[in-house]
Amino acid sequence: MSNDNTNAADLPFDVPPSLTSPNVDLSRDTWGQLVFTDAAGRRHDNVVPICAFPITDPKHYLSICDGRGAELAVCDDLTQLPEHVRELIEDELARRDFIPEIERIVRISSGLTPTEWTVETDRGPTTFLVESEEHVRRLGRQQATITDTHGMRYLIRDVRLLDNASRRLLERFL
């Protein structure tokens, strides 16, 4: 049975502080790297924000981690953070989690794999190879990701918003 009154002191492991806690801060150093200052005033250089669900829920469940991957702080909701901290995190995540969004599928080669995809993205037109149908995945009911032969991911935010021709091309993979 779950006990909703459990506090951090009762847990068998250390719970990282919240980024919304008083006396914690996030900033950039002179080299542009993120620096986290914890409630005790300790400085942690070159930290990295990690989002648990960067595609399906990018505004929730985030950790600030050190270079070894240890959690230094957590955040359940980015909108609850001070504006300067939120902007630093969003900028860093956008730089690291570069995922072009496919707006239109122009052509998919037929025949044997790998297949060649020609698409229009929010970053411009591109052509890439997809090794097999397993590299085209549905996320939830309306989203999909496509991973090319170099490991680059592309996102279709909402399949319903694609034009009819694009949806028909995509159907054989989903």
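For the structure itself, consult the block above.
All of these numbers come straight from a predicted model, not from anything done at the bench.

Asks: Just checking my understanding: could you explain the overall build of the protein for this structure?
Replies: Helix and strand content of the protein: two helices and 12 strands. Listing the helices and strands of the protein from first to last along the sequence gives β-β-β-β-β-β-α-β-β-β-β-β-β-α. Relative to the 2.2 N^0.38 estimate, which gives 16 Å for 174 residues, the radius of gyration of the protein is 20 Å and therefore markedly larger than a compact globule would have. Along the first, second and third principal axes, the C-alpha set of the protein runs to 60 × 50 × 25 Å. Looking at the protein residue by residue over its 174 residues, the buried ones come to 32%. A total accessible area of about 11,000 Å² is found for the protein, and carbon and sulfur atoms account for 48% of it. Positive and negative side-chain charges of the protein, numbering 20 and 30 respectively, have mean locations separated by a distance of 6 Å.

Asks: I would appreciate a short explanation of the environment of T149 in the present structure.
Replies: Here T149 shows up in the loop between β11 (143–147) and β12 (153–156). Looking at T149, the relative accessible area reads 36%, which means it is partly exposed. Excluding residues that lie within four positions of it along the chain, T149 makes contacts with L129, V130 and E131.

Asks: Which parts of the structure should I look at to understand the nonpolar core?
Replies: Among soluble globular proteins, nonpolar side chains are generally buried collectively. Counting residues in hydrophobic clusters, the biggest one holds 18 residues, and the most contacted among them are L19, L26, F36, L62, I64 and I89. Sorting the residues of this core by element identifies β2 (34–37), β5 (60–65), β6 (71–77) and α1 (83–96) as the ones contributing at least two each. Once residues lying within four places of it in the same chain are set aside, the contact partners of L26 are L34, V35, F36, V47, I64, H84, V85, L88 and I89.

Asks: I'm lost on the sheet that holds strand β10 (residues 136–139) in this one. Help?
Replies: Whether parallel or antiparallel, the strands of a sheet pair through hydrogen bonds between backbone atoms. Spatially, β10-β11-β12 is the arrangement adopted by the three strands of the open sheet, whose pairing is antiparallel. Where the open sheet ends on each side, the last strands, each with one partner, are β10 and β12. Within this sheet the neighbouring strands show an average axis-to-axis angle of 25 degrees, counted without direction. In terms of strand pairing, β11 meets β12 through four bridges, oriented antiparallel. From the neighbouring strand, A144 faces β12, where its bridge partner is I156.

What counts, and at which threshold
- Residues numbered from 1 in each chain as written.
- Predicted model: local features only at pLDDT ≥ 70, side-chain atom pairs only at ≥ 80, totals over all residues.
- Heavy atoms only, no water.
- Helix = DSSP H or I, 4+ residues; strand = E, 2+ residues; numbered from the N terminus.
- Rg over C-alpha atoms; globule rule 2.2 N^0.38 Å.
- Buried < 20%, exposed > 50% of the residue type's maximum accessible area, 1.4 Å probe, protein only.
- Areas by Shrake-Rupley, 256 points an atom, 1.4 Å probe, with all protein chains shown as cover.
- Lys, Arg positive; Asp, Glu negative; His and termini not counted.
- Charge placed at Lys NZ, Arg CZ, Asp CG, Glu CD.
- Contact = heavy atoms within 4.5 Å.
- Core = buried A, V, L, I, M, F, W, Y, C linked by side-chain atoms within 4.5 Å.
- Pairing = 2+ DSSP bridges.
- Axes fitted to C-alpha atoms, helices over the stretch in contact; angles between N-to-C directions.

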